[in-house]
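In case you want the letters, here they are:
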Amino acid sequence: MFLLPTVLAMTLLFLWPLWQAGGLSFTRRGVAGFTLANYTDLLTDSRFHRSAFISIQYTIAVVAGSIAAGMGTALLLNRKVRGISVLRSLFIMPWAMPFVATALIWRWMLDSQYGVLTYALTFFGIDQVANPFSSGSALVTVSVIEIWKTFPLAAIMMLAGMQAIQKELYESAAIDGAGPLRRFRHVTLPGLRHTTSAVTLLLTLWIFGRAFIVIFLTTGGGPGGATETLVLLTYLEGFNQFDLHGAAAVGMVTLAISILLTIIYRKVAKDDA
């Protein structure tokens, strides 16, 4: 009885729409009955292949960048100095900001004509400023924005992992003559092995499945599809092309990949526990 409200909410808001989307993916406008045409079309659709490749690129770039930035931030914050609690709070701010606000602020800052970055470069005598949302750099730009938004989560988890490492290990390494780099390599990194695995898989699942808001509000998937991920392709197929059956098929494929990543994450988390 205690679980009944949650079960009802999950059924109405998740399971029922999922069932409807699954049914749509196996039907087609103008075709009676069950069909696999939507899925077979995806196998030969160059736009789907391009979106899948962009999703992989985007996920790898954001996850790697977030872990690198999170590791560096955690090392910086893992110190006992005055005001460290304030610094830790400040570094969490990007993660606490709404995605819509983050995307709009960055889009305004990086505007090729009126953005703050353009003005700053012009102030220092750099008049020829490349458009960060051009076809050659748009994917890098949205990846950087997503990294800025996501790295605090990695930093928090890395910091917690660092603080769980026994201080005696660092003291023993220092006595043996190990410098900061060797202590980081032989003590910190092994001590963070489980944390790094969990963070990597969690961010991979998170970034792959929500690669939408930042991209949609900054580039809309353009220019020329340069930032069109699978999640965004699902939206565009359904609400721009009005092909709900094809959009449902793309969504089901994306869901299947997310489920696979979830299974891998649960297995790694279980093994690490």
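This text goes with the structure placed above it.
This structure is a prediction, so every number in the text was calculated from the model and none was measured.

Caption draft 1: Structural view of the overall build of the chain. On a plain count of helices and strands, the chain comes out with 13 helices and zero strands. Element order for the chain, N to C, with α for helix and β for strand: α-α-α-α-α-α-α-α-α-α-α-α-α. For the chain, the C-alpha atoms occupy an extent of roughly 75 × 60 × 35 Å along the three principal directions. Buried residues in the chain amount to 36% of all 273 residues. Taking all contacts inside the chain whose residues are at least 6 apart in sequence as the whole, residues at least 24 apart take part in 69%.

Caption draft 2: Here's a closer look at helix α12 (residues 230-239). In terms of residue burial, α12 counts as a mostly covered element, since seven of its 10 residues are buried. Turning to α12, its buried residues are Leu230, Val231, Leu232, Leu233, Leu236, Glu237 and Gly238.

Caption draft 3: Structural view of the pattern of salt bridges. Applying the stated criterion to the full structure yields five salt bridges. With a closest N to O distance of 2.8 Å, Arg47 and Glu228 form a salt bridge. With Arg47 in helix α3 (residues 46-77) and Glu228 in the loop between α11 (213-218) and α12, the pair connects residues that are 181 residues apart, well separated along the chain. The salt bridge involving Arg50 is made with Glu228; its shortest N-O contact spans 3.3 Å. Note that Arg50 is positioned in helix α3 and Glu228 in the loop between α11 and α12, a separation of 178 residues in sequence. Residue Arg50 is classed as partly exposed on the basis of its relative accessible area of 33%. Each of the salt bridges in this network shares a partner with another, and the network as a whole consists of Arg47, Arg50, Glu228 and Glu237.

Caption draft 4: Inspection of unusual backbone geometry at higher detail. The peptide bond linking Gly222 to Pro223 adopts the cis configuration, its omega dihedral lying at -10°. As for its position among the elements, Pro223 is in the loop between α11 and α12. Although it is not a glycine, Phe242 sits at a positive phi angle of roughly 60°. For Phe242, the position within the fold is in the loop between α12 and α13 (244-272). Looking at Phe242, the relative accessible area reads 58%, which means it is exposed.

Caption draft 5: View of the nonpolar core. In terms of nonpolar packing, the biggest core is built from 25 residues, with Tyr58, Ile67, Met158 and Leu203 touching the most fellow members. Every element with two or more residues in this core is listed here: α3, α7 (138-164), α10 (193-209) and α12. Core analysis: the next-biggest nonpolar cluster, separate from the first, contains 10 residues, Phe48, Leu230, Leu233 and Val250 among them.

Conventions adopted
- Residues numbered from 1 in each chain as written.
- Predicted model: local features only at pLDDT ≥ 70, side-chain atom pairs only at ≥ 80, totals over all residues.
- Heavy atoms only, no water.
- Helix = DSSP H or I, 4+ residues; strand = E, 2+ residues; numbered from the N terminus.
- Buried < 20%, exposed > 50% of the residue type's maximum accessible area, 1.4 Å probe, protein only.
- Contact = heavy atoms within 4.5 Å.
- Salt bridge = Lys/Arg side-chain N within 4 Å of Asp/Glu carboxyl O.
- Core = buried A, V, L, I, M, F, W, Y, C linked by side-chain atoms within 4.5 Å.

All we've got here are geometric facts, nothing functional implied.
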